[in-house]
Amino acid sequence: MEPTASAAPATKEINNIETISITDNRTGKQYEIPIDNGTIKALDLRQIKVNSDDFGMMTYDPAFMNTASCKSRITFIDGDKGILRYRGHSIDDLAERCTYLEVAYLLLHGELPNKAQLEEWTNNITTHTFVHENIKKFMDGFHYDANPMGMLVSTLAALSTFYPSAKHINDPKERQLTIYRLIGKVPTLAAFAYRHSIGMPYVHPDNELSYAENFLSMMFKVAEPKYKPNPILAKALDVLFILHADHEQNCSANAMRGVGSSHVDPYSASAAAAAALYGPLHGGANAEVLYMLDLIGTKDKIPEFIRDVKDGKGKLMGFGHRIYKNYDPRAKIIKRLADQVFEVTGRNPKLDIALELERIALEDDYFIKRKLYPNVDFYSGLIYQAMKFPVDMFPVLFAIGRMSGWLAQWQEMLLDQEQKIARPRQVYLGHDQREVVSLSKRS
Ligand code: ACO
């Protein structure tokens, strides 16, 4: 029976604990469920039963639209106001005043590092940028046109075979070592994947360069004895890593936590997270934006494209977000960053199409009603392309920045006494028990 309007819950306070009263209209019984941080525990609903044989009430929430799967102190988002903070610091402030490695430290340790801590942290990450020579053999095994994100996912997983002691996840020293290694090696794997795809020799890390500079060197160094990246481009890349570093319980962080909850080693868990990021609805969206801009081609084709989107013939990629119902604060920063980058590289001609697309979409009822605004991916691809990154590398760049966030989420999950192996329930709608019909009698 459907609950009636009279069953609408009311709140009370018992022993200073706020509660919600639920009346089960099937039985007339009333339940007092404690409220904690604006949530009720799904398990508290289990006591709501029709009779003692009843399993008890569950919640049904496909795609976790309204379910908090953890308590976290890492990242705060107010999607309606367009606010993003890491450990309490606004994303604007961090992008303006910190480097990516400071932000990675902040995500993992809860506080920004002091000078000595930053030196030690940077040194530890820098000395873990090299990969085992056999990793090159893995890379060589991929087809020449293999997608670099597929190569990254696979080689991240392969790292676990080189560092089997990483499975000792309850040892803080092992965890720390793996954190250094993963943050240090992910740019190396990413750059090697690119070099393989263009048939160029791999470039070893240069430990005298900063994190972003070293990545550019491993990507683009040719015959020069020392690669000197343009400082504006290196800074822009560093900021892009900051903007992508964490985003609370997104699809890939959820994968990292979910897979990590089986207590597998963090290399395997981060390969799973990277695989989640590969999808076009998540980290793959920045590449899709570029394909979309190519498809539109010229500004005069925009109205027709928008009409098609509204008719359900595709999505406006780089628009919309599960959490942001306002302008994504990262997109604002990236828009500003684009101007600085284009001063060095020359303007990406697709920018005009993107700006016009945004203008038209933001004035259109379809997008206004659904609160669809540009997200982080709408402009990031234009910058990457201007910096000469091929489109296939865009999700890989996202993964480099996001590694610190995945690790922070993973470690928080491991240390959280309330967490267990992630294992959702289901509502079973299939057949009741039935017998196998022999093959000759099946229709
Ligand atoms: N273009 C056109 N319509 C859209 C778009 C879009 N980009 N995004 C959402 N909508 C529409 C949906 O069709 C739906 O319309 P309806 O109510 O008429 O059915 C409504 O807006 C709500 O959208 P949902 O799909 O229910 O929203 P959800 O929270 O599930 O999806 C998502 C969020 C996946 C990001 C979606 O907006 C999307 O696919 N955007 C394009 C891909 C993209 O840019 N992804 C990057 C996200 S940011 C990141 O991962 C870093």
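Above this text sits the structure in question.
Residues numbered from 1 in each chain as written. Predicted model: local features only at pLDDT ≥ 70, side-chain atom pairs only at ≥ 80, totals over all residues. Heavy atoms only, no water.

Around the ligand, the structure places 19 residues, and the nearest of them are L316, G318, F319, R322 and N375. With respect to the ligand, the side chain of K315 contributes an N or O atom lying 3.0 Å from an oxygen atom. G318 has a polar backbone atom sitting 2.9 Å from an oxygen atom of the ligand. In the complex, 72% of the free accessible area of the ligand, which totals 920 Å², lies under the protein chains. (Near = heavy atom within 4 Å. Polar contact = N/O pair within 3.5 Å; in protein donor to acceptor, adjacent residues only side chain to side chain. Areas by Shrake-Rupley, 256 points an atom, 1.4 Å probe, with all protein chains shown as cover.)

The next thing to look at is the nonpolar core. Core analysis: the biggest nonpolar cluster contains 124 residues, and I183, F215 and F389 have the highest contact counts within it. Ranked by residues supplied to this core, first place goes to helix α17 (residues 394-415) with 13 residues. (Core = buried A, V, L, I, M, F, W, Y, C linked by side-chain atoms within 4.5 Å. Buried < 20%, exposed > 50% of the residue type's maximum accessible area, 1.4 Å probe, protein only. Helix = DSSP H or I, 4+ residues; strand = E, 2+ residues; numbered from the N terminus.)

Take helix α10 (residues 266-278) next. Here α10 spans 18 Å end to end across 13 residues, near enough to the 18 Å set by a 1.5 Å rise per residue. Considered for burial, the residues of α10 that qualify are P266, Y267, A269, S270, A271, A273, A274, A276 and L277. Taking the backbone nitrogen of Y267 as reference, a side-chain oxygen 2.9 Å away marks D265 as the first, capping residue of α10. (Expected span 1.5 Å × (residues − 1).)

What follows concerns helix α6 (residues 172-197). Between its first and last C-alpha, α6 extends 37 Å over 26 residues, near the 38 Å set by a 1.5 Å rise per residue. If you look at α6, its biggest bend is around 35 degrees, right at K185, and the proline P187 turns up within four residues after that. Within α6, 21 of the 26 residues are buried, which leaves it mostly tucked inside the rest of the structure. Among the residues of α6, the N-terminal cap falls to D171, whose side-chain oxygen and the backbone nitrogen of K173 are separated by 2.9 Å. With its phi angle positive at about 70 degrees, G199 sits one or two positions after the end of α6. (Bend = angle between axes of the 7 residues up to and from the residue.)

Don't take any of this as a statement about function, it's just geometry.
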